[in-house]
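The chain contents come next:
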Amino acid sequence: MQTVTRLFDFPYYQLEKYPLAKSLVTKSDGKWIATSTQEYVDKANAVSRALLRMGIKPNDKVAIISMTNRTEWNIIDIGILQIGAQNVPIYPTISEDDYEYILNHSEAKLCFVSCEEVFEKVKSIQSKAKNLKEVFSFDELNHCKNWKEVLEVGSDTSNQDEVEALKKAVKAEDLATLIYTSGTTGRPKGVMLSHNNIVSNVISSEVRVPFETGGTALSFLPVCHIFERMILYLYQYCGIEIHFAEGLDKISDNVKEVKPDVMTVVPRLLEKVYDAIIAKGAALTGIKKKLFFWAVETGLKFEPYGANGWWYEKKLGLARKLIFSKWKEGLGGNLSVMVSGSAALQARLARVFAAADMPVMEGYGLTETSPVIAVNDQRNKGWKIGTVGKIIDGVEVKIADDGEILCKGPNVMMGYYKDPEKTAEVMTGEYFHTGDIGEIDTEGFLRITDRKKEMFKTSGGKYVAPQLLENRFKQSRFIEQIMVVGEGEKMPAALIQPNFDFVREWAKRHKLELGSNDDIVKNEKVIERFQEEVDWANQEFAKWEKVKQFRLTPDVWTVEDGHLTPTMKLKRKPIKEMYLELYNDIYGH
């Protein structure tokens with residue numbers, strides 16, 4: 001049995017141990033098209049042979065920019081890595097400027113794009129990308145070479161010996177990929193991850209997540225992000241069929257078609273699913289409505305391992321039978337576990353989905369740590385709601401004097417590409433500085449309390465942790481996004497993007513006439529209603545932490561308009577600049 005030491009070993013391991021008829025499955029023209037493990041390996045070899053004929057050598061960089069996750073991405077990935085070249089995945093939604101910066105900084109020689117939209121963005125800066133020789137598309141486009149031409153060039157197997165020799169030459173500690181972080185400030189940094197960084201993380205995570213061989217996964221989080229990418233290798237390692245969703249807008253359809261056993265999620269998605277379910281419950285009447293909200297209330301008190309006692313478990317059993325079974329059915333009916341990462345998961349969501357028999361295992365990590373540092377595990381008492389689980393094997397965490405989480409292990413990056421200064425800022429000795437504040441409890445569970453970079457001091461010298469406040473406030477159905485401000489000011493305040501759909505629904509129920517978003521955010525009645533939500537959320541915080549004032553913003557905060565990073569984190573500086581008038585109005589500047 002071959003052992004896995006490099007990323008391209010995963011499909012071969014699967015071929016030897018669990019050859020699947022449906023290894024990778026993508027929907028095309030309304031049909032799910034499956035690629036077997038054998039075909040996956042064969043096509044990856046064809047890509048490797050073609051790349052060599054196209055002049056790609058070990059250590060050359062090849063970029064992939066895809067709007068959705070798809071079979072082609074994985075085939076190209078393995079084809080690039082096998083010859084000792086490096087894969088540079090790029091977020092499709094970043095600006096043309098950032099495309100240009102990353103393509104030039106990485107010196108990418110080729111670029112694979114998914115579709116017309118991405119191709120147009122690349123084409124607009126192609127003349128400025130100094131090293132870029134060719135662009136290929138996965139979709140059939142009129143004026144762009146298709147990736148099938150690459151397979152065609154590689155169909156002649158006469159240089160397979162050269163591929164084999166290069167594969168042998170790739171070592172575990174060699175660079176595998178450059179992942180440009182979608183920094184909330186400044187230019188993206190190229191995180192250098194070796195084969196061993198990611199492979200070690202896959203193998204340590206495998207003992208933590210209960211994935212059953214032969215199961216089915218639905219993949220939709222961007223594969224250009226290390227979280228989903230590591231999980232895709234993990235699925236391959238466990239012999240799990242991977243189905244790629246058509247996109248975020250089609251998730252609910254795809255979930256029903258694929259009926260996955262497992263999927264990875266981000267808290268934002270779970271919030272949206274939860275809000276949609278609650279909205280349906282609110283539309284019920286009479287006894288049905290009472291039962292629905294009784295079940296939700298029961299669910300929100302959930303504790304793992306029967307900690308609430310037999311009477312609670314009895315009620316939970318009834319709630320599952322009457323109400324929660326329908327939630328599960330709505331998500332395909334087979335979902336046995338979800339893994340959540342990239343941002344803090346509200347405890348209420350962890351509780352209610354667990355009550356609905358679809359437990360969410362929250363984990364924690366960064367691009368620089370390939371990514372997993374800690375993750376919850378239902379088995380062996382390894383799950384505690386409100387924590388990110390226990391540290392995975394082989395990784396060491398220590399808490400610095402100021403509370404910062406420091407990490408050491410085979411998963412820690414090689415450094416930032418071409419940037420020794422930035423690397424030195426986050427690496428002291430063998431430890432990587434995560435920039436997060438946390439604590440480890442007596443049972444070994446890690447809890448994240450805030451982002452060090454985001455904590456601020458008011459003019460009264462009190463520290464405020466904005467993420468804690470924001471997470472609490474976002475439990476309100478009125479609030480879609482919120483950013484707590486107040487650095488150097490006399491008090492904390494907030495900029496809030498209302499959930500406009502919900503506000504309109506609320507207005508209709510109260511026979512209130514509302515016009516455009518601009519009218520909504522100035523409407524006295526609306527502002528009064530938001531004040532109630534703010535007062536309610538404020539109760540949990542100390543006097544100096546409470547949000548004393550807020551302003552509503554008329555725009556929907558999006559990745560495209562620069563409010564959010566591609567992983568849906570707030571871009572604090574740009575948001576403050578966009579709403580400087582509102583900010584100044586709060587503080588009377």
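As a starting point, this report considers the structure included with it. Within every chain, residues take consecutive numbers counted from 1 along the sequence as written. Owing to the predicted nature of the model, reporting of local features is limited to residues with pLDDT of at least 70; listing and counting of side-chain atom pairs is limited to 80 or more, with chain, interface and lining totals taken over all residues. Values shown for side chains rest on all heavy atoms present in the structure; no hydrogens or waters enter the calculation.

A look at the overall build of the protein
Along the backbone of the protein there are 21 helices and 27 strands. Taking 589 residues into account, the globule formula puts the C-alpha radius of gyration at 25 Å, and the protein, at 25 Å, falls close to it. Considered along the principal axes of its C-alpha atoms, the protein spans approximately 75 × 55 × 50 Å. Under the scheme applied here, a residue whose accessible area is under 20% of the maximum for its type counts as buried, over 50% as exposed, and between as partly exposed, the area being computed with a 1.4 Å probe on protein chains only. Taking all 589 residues of the protein together, the buried fraction comes to 57%. Only heavy atoms matter for contacts: two residues are in contact if any of them lie within 4.5 Å across the pair. For the protein, long-range pairs separated by at least 24 residues make up 66% of all intrachain contacts whose partners lie at least 6 apart in sequence. Summed over all atoms, the accessible surface of the protein reaches about 25,200 Å², with 52% contributed by carbon and sulfur. Both charge centroids of the protein, one from 78 positive and one from 83 negative side chains, sit 4 Å from each other. Under the scheme used here, helices are H or I runs from DSSP no shorter than 4 residues and strands are E runs no shorter than 2 residues, and both carry numbers assigned from the N terminus. We compute the radius of gyration over the C-alpha atoms and compare it with the globule rule, which gives 2.2 Å times the number of residues raised to the power 0.38. Under the convention used here, a 1.4 Å probe and the Shrake-Rupley method define accessible areas, while residue burial counts only the protein chains that appear. The charge count includes Lys and Arg as positive and Asp and Glu as negative, but it does not include His or the ends of the chains. A charged residue contributes its charge at one atom only: NZ of Lys, CZ of Arg, CG of Asp or CD of Glu.

With respect to helix 8 (residues 195-206)
If you check helix 8, its first and last C-alpha atoms are 17 Å apart, about what 12 residues at 1.5 Å a residue would give, namely 16 Å. Where burial is concerned, most of helix 8 is hidden: 9 out of the 12 residues are buried. Those residues of helix 8 that sit buried are H195, N197, I198, V199, S200, N201, V202, S204 and S205. Where helix 8 is buried, its residues touch helix 1 (9-17), helix 3 (71-82), strand 8 (175-180), strand 9 (190-194), helix 9 (226-238) and strand 15 (372-375). Take the residue count of a helix, subtract one, and multiply by 1.5 Å to get its expected span.

Observations regarding the nonpolar core
Remark: nonpolar core denotes a set of buried residues (Ala, Val, Leu, Ile, Met, Phe, Trp, Tyr, Cys) joined through side-chain atoms within 4.5 Å. Core analysis: the largest hydrophobic core is formed by 121 residues, its most contacted members being F211, F324, W327 and F353. Sort the elements by how many residues they give to this core and helix 9 lands first, with 10 residues. Excluding its chain neighbours within four sequence positions, the residues that come into contact with F353 are L270, V273, Y274, L331, M338, M358, P359 and V360. I94, A108, F119 and A129 belong to the second largest nonpolar core, which has 28 residues in total.

Focus on the pattern of salt bridges
When a carboxyl oxygen of Asp or Glu lies within 4 Å of a side-chain nitrogen of Lys or Arg, that pair is called a salt bridge. For the coordinates displayed, the defined rule picks out 35 salt bridges. Here E480 ties to R268 by a salt bridge, and the two come within 2.7 Å at their closest N and O atoms. Here E480, found in strand 25 (residues 479-485), pairs with R268, found in helix 11 (residues 267-282); they are 212 residues apart in sequence, far enough to count as distant. One exposure class covers both E480 and R268, and it is buried. One salt-bridge network, in which partners are shared between bridges, spans K27, E246, K250 and E257.

Considerations on the side chain of D60
Relative to the helices and strands, D60 is located in the loop between helix 2 (37-53) and strand 3 (61-65). Its relative accessible area of 12% is what places D60 among the buried residues. Polar contacts involving the side chain of D60 include one to the main-chain amide nitrogen of K57, which spans 2.8 Å. Apart from the residues within four sequence positions on either side, D60 is in contact with G55, A85, Q86 and K109. Here a polar contact means two N or O atoms within 3.5 Å. Within protein one must be a hydrogen donor candidate and the other an acceptor candidate, and residues neighboring in sequence count only if both atoms are side-chain atoms.

Some thoughts on the pairing of strand 25
Judged by how many residues are buried, strand 25 sits mostly within the fold: 7 of 7 residues are covered. With 6 bridges joining them, strand 25 and strand 26 (residues 493-498) adopt antiparallel strand pairing. Counterpart to M483 in the pairing with strand 26 is L495. The pairing criterion is simple: DSSP has to find at least two bridges between the two strands.

Here we look at the packing of helix 2 against helix 3
The description of two helices packed together rests on the angle between their axes and the distance between the axes. An axis is simply a line fitted to the C-alpha atoms; with a helix, the fit covers only the stretch in contact. Between two such axes, the angle follows the N-to-C directions and lies from 0 to 180 degrees. Where helix 2 meets helix 3, the closest approach of the two axes is 8 Å, and the angle between their N-to-C directions is 50 degrees. By the criterion of interaxial angle, the relationship of helix 2 to helix 3 is oblique. Crossing geometry of helix 2 relative to helix 3 is assigned as right-handed. Residues Y40, K43, A44, N45, V47, S48 and L51 of helix 2 pack against N74, I75, I76, I78, G79, I80 and Q82 of helix 3. Each residue receives one of three labels: charged for Asp, Glu, Lys and Arg, nonpolar for Ala, Val, Leu, Ile, Met, Phe, Trp, Tyr, Cys and Pro, and polar for the others, Gly being one of them. Considering only residue class, the contact of helix 2 with helix 3 consists of 8 nonpolar, 5 polar and 1 charged. The labels follow the angle: roughly parallel below 35 degrees, roughly antiparallel above 145, roughly perpendicular from 65 to 115, and oblique for the rest. Left-handed describes a crossing whose near helix is turned anticlockwise from the far helix by less than a right angle; the clockwise case is right-handed.

What about the packing of aromatic side chains?
What counts as a ring pair is set by centres within 6.5 Å for rings of Phe, Tyr and Trp (its six-membered ring), and what kind of pair is set by the plane angle: stacked under 30 degrees, edge-to-face over 60, tilted for all other angles. According to the stated counting rule, one finds 18 aromatic pairs in the structure shown. On the basis of an interplanar angle of 85 degrees and a centroid distance of 4.9 Å, the ring pair of F324 and W327 is categorised as edge-to-face. One end of the pair is F324 and the other is W327, both in helix 13 (residues 310-330) and 3 residues apart, which spans about a single turn. Of the two residues, F324 and W327, neither departs from the other in class, the shared state being buried. Ring geometry for W557 against Y579: centres 6.2 Å apart, planes inclined by 20 degrees, an arrangement best described as stacked. Linking W557 in the loop between strand 27 (549-552) and helix 20 (572-578) with Y579 in the loop between helix 20 and helix 21 (580-587), this pair joins segments that are 22 residues apart in sequence. Both residues of the pair, W557 and Y579, belong to the buried class. An aromatic cluster of at least three residues, connected via ring pairs, comprises F10, Y13, Y233 and Y237. A cation sits over an aromatic face here: K398 above Y431, 4.4 Å from the ring centre. In this scheme, Lys NZ or Arg CZ marks a charge over a ring once it lies within 6 Å of the ring centre and within 35 degrees of the ring normal. If you follow R472 out to its NZ or CZ, it ends over the ring of W536, 4.7 Å from the centre.

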